[in-house]
Amino acid sequence: MDFNTLDKQMRRFEQSMDRPLLEGINVMARLDGHGFTRLTKKEWDLEKPFDIRFRDAMIETTKHLMDCGFRIIYGYTQSDEISLLFHLRDESFGRKERKLLSILAAEASVTFSMQVGRAAVFDNRLIPLPSADNVVDYFRWRQEDAHRNSLNSHCYWILRKEGVSAANAQKRMSGITNGQKNEILFERGINYNDLPLWQKRGIGMYFCDEQRQGFNPITQETTSCVRHALHVEMELPIGQEYSQLINKIINEQNK
């Protein structure tokens, strides 16, 4: 069999799983750290419940994913996960599902590994969302998950630092309300409302026009210009205000 015939035959098998994503539909990618529970609790020397170095590595990884060849209009990260909203008309790699899955996972894994100085792996899933309302609901859902994770983590680790075993700490928190969890913290001098917002709401990233200041060495004058830059929001709003922010990003960036 000559090469051209063999090549055509084999590519037919290879491309049999090349499912393209539907045009005109919102596409979300969510990447999660693979095996990070074991790494963060047992192998990495991280500050509990939140570590600034880990947070910054996740921010840098998200920033990279938003600037590595795909048209991403909003990125969101909390804990060990990253959510990315594609431009409605993104055509990267012909919208082939396997390409979007594999390349984003690889880019995230390499970038995060370089940030922390050791091997780490992300997996990836793609989520088609029919409408802008579904997109808003998605990010509201992930933000609520961030809030739940944050409250649970603060309660769990304050108990652990008091010498409570992992099993008993989990048992202590099982079945109690958020109000009761807040009370656990308050009794130990922590007002959950006063904690940094990024710990409770996650971190958002989107492109916007920003005023930049500069200096003209020829005229010796201060100058200003508008640049389209990636903005990192450490204090995301919640509720309806967050919905409005997501809708604004969708409407402006999908033009």
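One structure accompanies this document, and this report is about it. (Residues numbered from 1 in each chain as written. Predicted model: local features only at pLDDT ≥ 70, side-chain atom pairs only at ≥ 80, totals over all residues. Heavy atoms only, no water.)

1. Things to note about the pairing of strand β3 (residues 81-86)
Note the threshold: Here's how the labels work: a residue is buried when its accessible area is under 20% of the maximum for its type, exposed when over 50%, partly exposed in between, all with a 1.4 Å probe on protein chains only. Here a helix means four or more residues in a row that DSSP labels H or I, a strand means two or more in a row labelled E, and each is numbered from the N terminus. Between any two strands, pairing holds if DSSP finds at least two bridges.
The element β3 is largely enclosed, with a buried count of six among its six residues. Of the two faces of β3, both are covered, the one formed by Glu81, Ser83 and Leu85 as well as the one formed by Ile82, Leu84 and Phe86. Summarising the sheet, strand β2 (residues 72-78) and β3 pair through six bridges and their orientation is antiparallel. Considered in β3, the bridge of Ile72 is made with Phe86. Counting the residues that bridge the hairpin from β2 to β3 gives two residues, and of these Ser79 lies at a positive phi of roughly 55°.

2. Quick look at the side chain of Ser109
Keep this limit in mind: We call two N or O atoms a polar contact when they sit within 3.5 Å, provided that within protein one can donate a hydrogen and the other can accept it, with sequence-adjacent residues counted only if both atoms are side-chain atoms. Contacts are assigned to residue pairs that have any heavy atoms within 4.5 Å of one another.
Here Ser109 shows up in helix α4 (residues 97-116). Overall, Ser109 belongs to the buried group, its relative accessible area being 11%. Within polar-contact distance, the side chain of Ser109 engages the backbone oxygen of Ala105 at 2.8 Å. With residues near it in sequence (within four places) discarded, Ser109 still touches Ala120, Val121 and Phe122.

3. A word on the nonpolar core
Note on soluble globular proteins: their nonpolar side chains tend to be buried together. Rules: Residues grouped as a nonpolar core are buried Ala, Val, Leu, Ile, Met, Phe, Trp, Tyr and Cys residues, joined through side-chain atoms within 4.5 Å.
Counting 31 residues, the largest nonpolar core has Leu31, Phe36, Leu84, Phe86, Leu104 and Phe112 as the members making the most contacts within it. Elements supplying a minimum of two residues to this core: β1 (26-33), α2 (36-43), α3 (52-65), β3, α4, β4 (122-129) and β5 (203-216). The greatest single-element share of this core, amounting to five residues, is contributed by α3. If sequence neighbours within four positions are ignored, Phe86 has contacts with Val27, Ala29, Phe70, Arg71, Ile72, Ile73, Leu100, Leu104 and Leu126. With 19 residues, the next largest nonpolar core counts Val135, Val136, Ile249 and Ile250 among its residues.

4. Comments concerning the side chain of Thr77
Here Thr77 lies in strand β2. Among residues more than four places away in sequence, those in contact with Thr77 are Met58, Thr62, Ile82, Gly202, Ile203 and Met205.

5. Quick notes on the layout of surface pockets
Worth spelling out the cut-off: Cavity and pocket criteria rest on a 1 Å grid covering protein atoms alone: a 1.4 Å probe that fits but cannot get out defines a cavity, protein on both sides within 12 Å along at least 5 of 7 lines defines an open pocket, and an atom within 4 Å of a point defines a lining residue. Grid points are joined across faces, edges and corners, and a volume is the space filled by probe spheres set on the points. Three categories are distinguished: nonpolar for Ala, Val, Leu, Ile, Met, Phe, Trp, Tyr, Cys and Pro, charged for Asp, Glu, Lys and Arg, and polar for the others, with Gly belonging to the last.
Of the pockets and cavities examined, the largest pocket occupies roughly 740 Å³. Considering the residues around the largest pocket, the lining is formed by 29 residues, among which Thr40, Pro49, Phe50, Ser79 and Ser153 are closest to the centre. At the level of secondary structure, the elements contributing two or more residues to the lining of the largest pocket comprise α2, α3, β2, α5 (132-161), α6 (166-173) and α8 (197-201). Looking at which element gives the most residues to the lining of the largest pocket, the answer is α5, with six residues. Of the residues belonging to the lining of the largest pocket, the class tally is twelve nonpolar, eleven polar and six charged. For the second largest pocket, the calculated volume is near 210 Å³. Counting residues per element, the ones that place at least two in the lining of the second largest pocket are α5 and α8. Examining the composition of the lining of the second largest pocket, we find that four residues originate from one element, α5, more than from any other. In terms of residue class, the lining of the second largest pocket is made up of two nonpolar, four polar and four charged.

6. So, the packing of α5 against helix α9 (residues 239-253)
Threshold: Fitted lines through C-alpha atoms give the axes, limited to the stretch in contact for helices. The angle between two N-to-C directions lies from 0 to 180 degrees. Angle categories are assigned with fixed cut-offs, so that under 35 degrees is roughly parallel, over 145 is roughly antiparallel, 65 to 115 is roughly perpendicular, and the rest are oblique. Helix crossings fall into two classes, left-handed where the near helix is turned counterclockwise from the far one by less than a right angle and right-handed where it is turned clockwise.
At a minimum axis distance of 10 Å, the contact between α5 and α9 shows a crossing angle of 130°. Taken together, the axis directions place α5 and α9 in an arrangement best described as oblique. Of the two elements, α5 crosses α9, and the hand of that crossing is right-handed. For the pair formed by α5 and α9, the contact residues are Ala132, Val135, Val136, Phe139, Arg140 and Gln143 on the first element and Gly239, Gln240, Tyr242, Ser243, Ile246, Asn247 and Ile250 on the second.

7. A word on a nonpolar patch on the surface
Basically, it comes down to this: Here a patch means residues that are over 30% exposed by relative accessible area and free of salt bridges, tied together within 9 Å if like-charged and within 5 Å if nonpolar (Val, Leu, Ile, Met, Phe, Trp, Tyr). Under the convention used here, a 1.4 Å probe and the Shrake-Rupley method define accessible areas, while residue burial counts only the protein chains that appear. Any Lys or Arg side-chain nitrogen found within 4 Å of a carboxyl oxygen on Asp or Glu counts as a salt bridge.
There is a patch of nonpolar side chains on the surface, built from Met1, Leu6, Met10 and Phe13 and spanning about 440 Å² of accessible area. Here Leu6 is to be found in helix α1 (residues 3-14). With a relative accessible area of 38%, Leu6 lands in the partly exposed category.

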